[in-house]
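# Summary of structural features
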Amino acid sequence: MMRLRLLTSALSLGAALVMPAVAAEPIIGRASVIDGDTIEISGKRIRLHGVDAPESWQTCEDGDGGTYGCGKEAAFALERFCRLPALPVATPLSAIGMGGS
């Protein structure tokens with residue numbers, strides 16, 4: 001549960017740091033989650049600036065010596081975040097990484 005809170009806090013902080021746009025064309029559409037730090041909107045992959053999450057296939061060690069699917073947890077947390085009520089968001093081109101993850 002603590003891991004999920006930390007991840008949710010990191011995602012919220014990353015979203016709060018988004019600044020006004022300087023881009024000529026906005027990217028509009030429904031976001032599909034690729035992994036914990038990458039979404040796709042209208043066929044364009046967008047890496048979230050300031051967010052570094054494990055890849056979907058990645059596992060991490062827990063405090064008890066076991067492993068868990070931290071990459072899947074990160075992707076699920078971003079998916080939940082994307083389902084929150086939509087807010088208009090704009091970001092400068094320098095704050096988004098286009099391309100693969």
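Residues numbered from 1 in each chain as written. Predicted model: local features only at pLDDT ≥ 70, side-chain atom pairs only at ≥ 80, totals over all residues. Heavy atoms only, no water.

## Considering the overall build of the protein chain
Regarding its fold elements, the protein chain presents two helices and six strands. For the protein chain, the sequential pattern of α-helices and β-strands runs α-β-β-β-β-β-α-β. Looking at the protein chain as a whole, 24% of its 101 residues are labelled buried. Across the protein chain, every contact between residues at least 6 apart in sequence was considered, and the portion connecting residues at least 24 apart equals 53%. (Helix = DSSP H or I, 4+ residues; strand = E, 2+ residues; numbered from the N terminus. Buried < 20%, exposed > 50% of the residue type's maximum accessible area, 1.4 Å probe, protein only. Contact = heavy atoms within 4.5 Å.)

## A look at unusual backbone geometry
At serine 42, a position not held by glycine, the phi torsion is positive, near 50°. With respect to the helices, strands and loops of the structure, serine 42 is situated in the loop between β2 (38-41) and β3 (44-48). With relative accessibility at 56%, the residue serine 42 sits in the exposed group.

## Considering the state of the cysteines
Applying the stated rule across the entire model yields one disulfide. In this model cysteine 60 forms its disulfide with cysteine 70; the gap between the sulfur atoms is 2.0 Å. The chirality of the disulfide connecting cysteine 60 with cysteine 70 is right-handed, given an S-S dihedral of about 65°. Taken together, the residues cysteine 60 in strand β4 (residues 60-61) and cysteine 70 in helix α2 (residues 70-82) connect sequence positions 10 residues apart. (Disulfide = S-S within 2.5 Å.)

## Some remarks on the pattern of salt bridges
Under the definition given, this model contains three salt bridges. Aspartate 37 is the partner of arginine 47 in a salt bridge, and the nearest nitrogen-oxygen pair spans 2.8 Å. Of this pair, arginine 47 sits in strand β3 while aspartate 37 sits in the loop between β1 (32-35) and β2, placing them 10 residues apart in sequence. Taking the relative accessible area as the measure of exposure, arginine 47 reaches 31% and is therefore partly exposed. In this structure, arginine 45 and glutamate 40 form a salt bridge, with 3.3 Å as the shortest nitrogen-oxygen distance. (Salt bridge = Lys/Arg side-chain N within 4 Å of Asp/Glu carboxyl O.)

## Some words on α2
Under the 1.5 Å per step criterion, the end-to-end length of α2 is 18 Å for 13 residues, consistent within 8% with the ideal 18 Å. Along α2, the positions that sit buried rather than exposed are Cys70, Gly71, Ala74, Ala75, Ala77 and Leu78. The buried residues of α2 all sit within an arc of 160° when viewed along its axis, so they share a single face. Turned more than 90 degrees away from the buried face of α2 sit Lys72 and Phe76, all of them exposed. (Expected span 1.5 Å × (residues − 1). Arc of directions from axis to C-beta.)

## Some words on the environment of threonine 67
Looking at where threonine 67 falls in the secondary structure, it is placed in strand β5 (residues 67-68). In contact with threonine 67, other than residues within four places in its own chain, are Cys60, Glu61 and Asp62.

## Thoughts on the pairing of β3
Judged from the four bridges that link them, β2 and β3 form a sheet pairing that is antiparallel. Counted as the bridge partner of threonine 38 is arginine 47 from β3. (Pairing = 2+ DSSP bridges.)

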